[in-house]
Amino acid sequence: MGQKKDLTGSEKSKIVRYLAEGCSSLKIAKLLKHDHRTIKRFIQNSQQGRKKRVEKPRRKITAHELRKVKRAAAKMPLATSLAIFQSCSITGVPKSTRCAILRDMAKVRKAERRPPLNKTHKLKRQDWAKKYLKTDFSKVLWTDEMRVSLDGPDGWARGWIGKGQRAPVRLRRQQGGGGVLVWAGIIKDELVGPFRVEDGVKLNSQSYCQFLEDTFFKQWYRKKSASFKKNMIFMQDNAPSHASKYSTAWLARKGIKEEKLMTWPHCSPDLNPIENLWSIIKCEIYKEAKQYTSLNSVWEAVVAAARNVDGEQIKTLTESMDGRLLSVLAKKGGYIGR
């Protein structure tokens, strides 16, 4: 009888049935005309089953170390479990144990997109809303900067892929590719700009004022009538280059001072309607997970998307200010939906 190493599925079923009938391994080998050693090996492997996992002894955490981990987790939001334990000088703890310990005292979350509002912030937002409650917002120029990259915000490259189709390949850049800084304004139903900040220029007080001189003032503001300039209110946020003494004095020399320069509460991007314009433009330039190969190409996309924003859309944004102010007062200075 020749030795056969492999058993078919039907032969294995027969072996199990013969064993249930009380046949010995030797008799089964004769019935199936297989080598006895092959039959015995199959029976032994079947009876042995899967080996149990040997649990390695885990590093025990003392109550004192546990308190240190809890304090470190509170001081280091968004840190990894390894970084938290290393800051406590606790070594030799596997990742599974670290995560199990942290799950009892923390939760994995994403970073908040909005800065937290303290009591002072909320009071100033309420004061601001009361101050401008009777303002004619059709005369306010809302301004802001936006940075656009070649690949768009993280997490935007998602969408439906048909069955049987492969997802498109995304470009991967070792250095990110940089981005373009864009400035624009909206007033009533009109879009001012967008204007591109020169690549490599960091906006400090001097460069910000020079940028406004070369773009906003020379290309748009000086074409307006005297009555328009007299009534227009200029809004900008509290970025250091905007709110500095240098920038404030420079704008005053341009006639934008006192009541013509809107005061702005800290941590209040939700109150600026131009933020919604940025969302409209970004959704357009990054639709279908589009990527760009150069800074000029993404800038051209921004210009094209801005050109497609009509006056009615802008008017809807600027006319939303009365409702935003009422929402701020209703929420006692808290964040509002945009």
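Residues numbered from 1 in each chain as written. Predicted model: local features only at pLDDT ≥ 70, side-chain atom pairs only at ≥ 80, totals over all residues. Heavy atoms only, no water.

Identification of the chain as Tc1-like transposase DDE domain-containing protein from Oreochromis niloticus is taken from an unreviewed UniProt entry.

**Side note on the overall build of the chain**
Within the chain, the secondary structure is distributed over 15 helices and 4 strands. Within the chain, the fraction of its 338 residues that count as buried is 37%. The contacts in the chain between residues at least 6 apart in sequence include a share of 75% that link residues at least 24 apart. As displayed, the chain has an accessible area near 22,300 Å², and 51% of this comes from carbon and sulfur atoms. (Helix = DSSP H or I, 4+ residues; strand = E, 2+ residues; numbered from the N terminus. Buried < 20%, exposed > 50% of the residue type's maximum accessible area, 1.4 Å probe, protein only. Contact = heavy atoms within 4.5 Å. Areas by Shrake-Rupley, 256 points an atom, 1.4 Å probe, with all protein chains shown as cover.)

**Observations regarding the environment of Ala 72**
Topologically, Ala 72 is positioned in helix α4 (residues 63–75). The class for Ala 72 is buried, based on a relative accessible area of 9%. In the structure, Ala 72 is positioned 14 residues away from Gln 86 in sequence and 9.7 Å away in space, judged by C-alpha atoms. Sequence-distant contacts of Ala 72, that is, excluding residues within four places in its chain, are made with Ile 84, Ser 87 and Cys 88.

**A closer look at the pattern of salt bridges**
If you walk through the whole model with that rule in mind, you get 8 salt bridges. In this structure, Arg 125 and Asp 270 form a salt bridge, with 2.9 Å as the shortest nitrogen-oxygen distance. Taken together, the residues span a long stretch of sequence, with Arg 125 in helix α7 (residues 119–131) and Asp 270 in the loop between α11 (245–253) and α12 (274–285) at a distance of 145 residues. We note that Arg 125, like Asp 270, is buried. The partner of Arg 196 in a salt bridge is Asp 199, and the shortest N-O contact between them spans 2.8 Å. Classification of Arg 196 by relative accessible area gives partly exposed; the value is 22%. (Salt bridge = Lys/Arg side-chain N within 4 Å of Asp/Glu carboxyl O.)

**Describing the sheet that holds strand β4 (residues 233–235)**
Strand order in this open sheet of 4 strands is β3-β2-β1-β4, and the pairing throughout is mixed. This sheet does not close on itself; its edge strands, each paired only once, are β3 (190–196) and β4. The average angle at which neighbouring strand axes cross in this sheet is 20°, direction not considered. Sheet analysis places strand β2 (residues 179–187) next to β3, joined by 5 bridges and oriented antiparallel. Bridge assignment links Ile 187 to a residue of β3, and that residue is Glu 190. (Pairing = 2+ DSSP bridges. Axes fitted to C-alpha atoms, helices over the stretch in contact; angles between N-to-C directions.)

**Quick word on the packing of aromatic side chains**
Inspection of the entire model under this criterion finds 15 aromatic pairs. Between Trp 128 and Trp 264, the ring centres sit 5.2 Å apart and the planes meet at 80°, which makes this aromatic pair edge-to-face. Highlighted residues: Trp 128 in helix α7 and Trp 264 in the loop between α11 and α12, separated in sequence by 136 residues. By relative accessible area, which is 4% here, Trp 128 ends up buried. Given the relative accessible area of 10%, Trp 264 is considered buried. Here Trp 142 and Trp 264 contribute two aromatic rings whose centre-to-centre distance is 6.2 Å and whose plane-to-plane angle is 70°, an arrangement assigned as edge-to-face. One end of the pair, Trp 142, is in strand β1 (residues 140–149); the other, Trp 264, is in the loop between α11 and α12, with 122 residues separating them in the sequence. (Phe/Tyr/Trp six-rings, centres within 6.5 Å; stacked < 30°, edge-to-face > 60°.)

**Digging into the packing of α12 against helix α13 (residues 295–307)**
Contact geometry of α12 with α13 gives a least axis separation of 9 Å together with a crossing angle of 120°. Between α12 and α13, the angle falls in the class oblique. Between α12 and α13 lies a crossing whose hand is right-handed. Facing Ile 281, Glu 284 and Ile 285 of α12, the residues of α13 in contact are Ala 301, Val 302, Ala 305 and Ala 306. Considering only residue class, the contact of α12 with α13 consists of 6 nonpolar, no polar and 1 charged. (Parallel < 35°, antiparallel > 145°, perpendicular 65-115°, else oblique. Left-handed = near helix turned anticlockwise from the far one by under 90°. Nonpolar A, V, L, I, M, F, W, Y, C, P; charged D, E, K, R; others polar.)

**Examining the nonpolar core**
Note that soluble globular proteins tend to have their nonpolar side chains buried in a common cluster. Residues Trp 128, Trp 142, Val 148, Met 262, Ile 281 and Ile 285 are the most contacted members of the largest nonpolar core, which totals 39 residues. At the level of elements, α7, β1, β2, β4, α12, α13, α14 (311–318) and α15 (321–330) are the ones that each hand at least two residues to this core. Sequence-distant contacts of Ile 281, that is, excluding residues within four places in its chain, are made with Met 146, Val 302, Ala 305 and Ala 306. Grouped together as the second largest cluster of nonpolar side chains are 22 residues, Tyr 208, Phe 211, Trp 220 and Tyr 221 included. (Core = buried A, V, L, I, M, F, W, Y, C linked by side-chain atoms within 4.5 Å.)

**Let's talk about α15**
When α15 is considered as a whole, its buried residues turn out to be Met 321, Arg 324, Leu 325 and Val 328. All buried residues of α15 fall inside an arc of 100° around its axis, so they share one side. Relative to its buried face, α15 has exposed residues pointing more than 90 degrees away, namely Leu 326 and Ala 330. Trailing α15 by a residue or two, Lys 332 shows a phi angle of about 55°, which is positive. (Arc of directions from axis to C-beta.)

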